Amino acid sequence: MAQKPSIPKGTRDFSPAEMVKRNYIFDTVRSVFQKYGYLPIETPAMENLSTLLGKYGEEGDKLLFKILNSGDYLKKADSALLSEKASNKVMSQISEKGLRYDLTVPFARFVVQHQNEISFPFKRYQIQPVWRADRPQKGRYREFFQCDVDVVGSNSLLNEVELIQIVDEVYRLLNINVALLLNNRKVLSGIAEIINASDKIVDITVAIDKLDKIGLDKVNEELVSKGLSQEAIDTIQPIIMLSGSNRDKVAKLREVLASSEVGLKGVDELEVVLNYLDTLNLDLEVELDLTLARGLNYYTGAIFEVKAKDVAIGSITGGGRYDDLTGIFGLKDVSGVGISFGADRIYDVMNQLELFPKADGAKTRAMFVNFGGEDELYALNILTQVRKAGINAELFPDAVKMKKQMNYANKKEIPFVLLAGEDERNNQVVTVKNMESGEQSKLSIDELIKVINL
């Protein structure tokens, strides 16, 4: 019995039509990255687990796909741990590598490993897939592409401003109506400090980051479970639920965080960024959102998140500043900031809103019917000239019945079918059939190229 073909849950195949759309997103994003001076790199799909573990928080570590060691992976495993089914303890003995969870930690590893070959500040972009052992659901996949842009080796807040400009330009080109949410992890640290819970900053940020998904009551329940007092929770509520203009929120934060040095530093950074943005007249809506926490442990300053305003799908872009991510690999005090565009969610948004342009540029414009023999050679020579003129064209590979060849052209929506038989060969012309109008005409090769290029 034949095996039924399938793919793992949370992964997808993409048809040619879908890939044309996805490449439109990649090409648009790449063109903006390059315009701002960023250069491409790539890193391996798998990294050493020592590189990945401990960088994303406890929940992130659980979502890492581990790769079993080659060969007899149980050979060095402790038999007692195996009999206890202590998977966490035995994991280090049977798995040394994992699929990358994001592109930022591998980038930090790359920077440290190649520090003598690159110039700082180092501006790079990276468009590659990542993997997370998450529960598949709408807009959430186990394999998905990220389009990352980062700069390391500079503390300047101009970098944050530039990334926001990139967000503005990318989504203007893609015609997606978005809002950028902005916060600062130092502000969140300041909030933890004034409620005497600095040691619980990770627990607080992880809980607050879930506000949109689980609601305020569930967030409060999680904070209680992490050991926060009701008094501390009551103090947090009005801060994270601040309303009004960005300026109103900044002013209120200065009052609330007056006793926290780190909190005020975060407010200063937010104000500097907002002042820059006020002079740029961006189309992008930027909102200071105190509920934005982004649960990843490595963020230390500005944090960003972008949401589509016309589709309920969650974040489609996110990122922030990390002051010492390279330090864990031995290169201290190298600050970086970056953002990641989620290509798969962007695709879903554009598909739902029907924002993709007609993909004529990627499609075959003309197809030669194959009559075989000398006619096939005549068509092949003209095909070469047509392609040199920059036209996407093909010759049907088999000299089969005309009906089959025409059906092929119809299914691929090829606008022109070219007939090059004995009569055309003798007169050094080609019969061109417009598949939309049905009209046919005999043209020279030069005339043919002009018509197809219209």
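Draft legend 1. Focus on the side chain of Ser-95. Turning to its location among the elements, Ser-95 is positioned in the loop between α5 (87-94) and β4 (97-99). Within the local environment of Ser-95, its side chain forms a polar contact with the backbone oxygen of Ile-67, the two atoms lying 2.8 Å apart. A polar contact of 3.2 Å, which involves the side chain of Ser-95, links it to the backbone oxygen of Lys-97. Beyond its immediate sequence surroundings of up to four residues, Ser-95 is in contact with Leu-49, Lys-66, Ile-67, Leu-68 and Asn-69.

Draft legend 2. Inspection of helix α18 (residues 445-453) at higher detail. Residues Ile-445, Leu-448, Ile-449 and Ile-452 constitute the buried set of α18. What you see down the axis of α18 is that its buried residues fit within an arc of 100°, all on one side. Opposite the buried face of α18, by more than 90 degrees, sit the exposed residues Asp-446 and Lys-450. Lining the buried residues of α18 we find β12 (366-368), α15 (373-388), β14 (416-419), β15 (430-434) and β16 (440-443).

Draft legend 3. Structural view of the layout of surface pockets. In this model, the second largest pocket occupies a volume close to 430 Å³. Looking at the second largest pocket, it is lined by 17 residues, and the ones nearest its centre are Pro-16, Ala-17, Val-20, Ala-359 and Lys-363. Broken down by class, the residue content of the lining of the second largest pocket amounts to nine nonpolar, two polar and six charged.

Draft legend 4. Region of the structure containing the pattern of salt bridges. A full pass over the atoms with the stated rule returns 27 salt bridges. Where Glu-169 meets Lys-35, a salt bridge forms, and the shortest distance between an N and an O atom there is 2.3 Å. Note that Glu-169 is positioned in helix α7 (residues 158-174) and Lys-35 in helix α1 (residues 16-35), a separation of 134 residues in sequence. By relative accessible area, which is 10% here, Glu-169 ends up buried. In this structure Lys-35 comes out as exposed when scored by relative accessible area, which is 57%. Taking the shortest distance from any N to any O, the salt bridge between Arg-172 and Asp-283 comes out at 3.4 Å. Remark: Asp-283 occurs in the loop between α13 (261-278) and β8 (285-288) and Arg-172 occurs in helix α7; sequence separation between them is 111 residues. A residue is classified by how much of its surface remains accessible, and Asp-283, at 61% relative accessible area, is exposed. Through salt bridges with shared partners, one network takes in Arg-12, Arg-22, Asp-344 and Asp-348.

Draft legend 5. Examining the nonpolar core more closely. Ranked by internal contacts, the top residues of the largest apolar core, which has 98 residues, are Ile-166, Tyr-171 and Phe-341. In terms of residue count, the dominant contributor to this core is α7 (eight residues). Residues within four places of Tyr-171 in sequence aside, it is in contact with Ile-176, Val-178, Val-306, Ile-316, Thr-317, Phe-341 and Ile-346. Ile-391, Leu-395, Val-430 and Ile-452 belong to the second largest nonpolar core, which has 20 residues in total.

Draft legend 6. Spotlight on the packing of α1 against helix α14 (residues 343-353). Where α1 contacts α14, the axes come no closer than 10 Å and their chain directions differ by 115°. As summarised for this structure, α1 and α14 are arranged roughly perpendicular, according to the angle between their axes. Two packed elements cross with a definite hand, and for α1 against α14 that hand is right-handed. Here Glu-18, Lys-21, Arg-22, Tyr-24, Ile-25 and Phe-26 of α1 come into contact with α14, specifically with Ala-343, Asp-344, Ile-346, Tyr-347, Met-350 and Asn-351. Tallied by class, residues from the contact of α1 with α14 come to seven nonpolar, one polar and four charged.

Draft legend 7. Local environment of α15. With 16 residues, α15 ought to run about 22 Å at 1.5 Å a step, and its terminal C-alpha atoms sit 23 Å apart, in line with that. Taken residue by residue, α15 has Asp-375, Tyr-378, Ala-379, Ile-382, Leu-383 and Val-386 as its buried positions. In a view along the axis of α15, the buried residues occupy a sector of 140°, so they form one face of it. For α15, exposure combined with an orientation more than 90 degrees from the buried face picks out Gly-373, Glu-374, Leu-377, Asn-381 and Lys-388.

Draft legend 8. Quick peek at the environment of Lys-210. If you trace the backbone, Lys-210 turns up in the loop between α9 (201-208) and α10 (211-225). Residues Lys-210 and Gln-165, spaced 45 residues apart in sequence, show a C-alpha to C-alpha distance of 27 Å. Excluding residues that lie within four positions of it along the chain, Lys-210 makes contacts with Glu-59, Gly-215, Val-219 and Glu-222.

Draft legend 9. Here's a closer look at the sheet that holds strand β3 (residues 66-67). The strand order across the open sheet built from three strands is β2-β4-β3, with neighbouring strands paired in antiparallel fashion. Each edge of the sheet is formed by a strand with only one pairing partner; in this case those strands are β2 (46-48) and β3.

Draft legend 10. Quick peek at the pairing of strand β5 (residues 122-131). In terms of burial, β5 is largely enclosed, as nine of its ten residues are buried. In terms of strand pairing, β5 meets strand β6 (residues 143-152) through ten bridges, oriented antiparallel. Note on β6: the bridge partner recorded for Arg-124 is Asp-150.

Rules of the game
- Residues numbered from 1 in each chain as written.
- Predicted model: local features only at pLDDT ≥ 70, side-chain atom pairs only at ≥ 80, totals over all residues.
- Heavy atoms only, no water.
- Helix = DSSP H or I, 4+ residues; strand = E, 2+ residues; numbered from the N terminus.
- Polar contact = N/O pair within 3.5 Å; in protein donor to acceptor, adjacent residues only side chain to side chain.
- Contact = heavy atoms within 4.5 Å.
- Buried < 20%, exposed > 50% of the residue type's maximum accessible area, 1.4 Å probe, protein only.
- Arc of directions from axis to C-beta.
- 1 Å grid on protein atoms, 1.4 Å probe; cavity = no way out; pocket = protein on both sides within 12 Å on 5 of 7 lines; lining within 4 Å.
- Points joined across faces, edges and corners; volume = space filled by probe spheres on them.
- Nonpolar A, V, L, I, M, F, W, Y, C, P; charged D, E, K, R; others polar.
- Salt bridge = Lys/Arg side-chain N within 4 Å of Asp/Glu carboxyl O.
- Core = buried A, V, L, I, M, F, W, Y, C linked by side-chain atoms within 4.5 Å.
- Axes fitted to C-alpha atoms, helices over the stretch in contact; angles between N-to-C directions.
- Parallel < 35°, antiparallel > 145°, perpendicular 65-115°, else oblique.
- Left-handed = near helix turned anticlockwise from the far one by under 90°.
- Expected span 1.5 Å × (residues − 1).
- Pairing = 2+ DSSP bridges.

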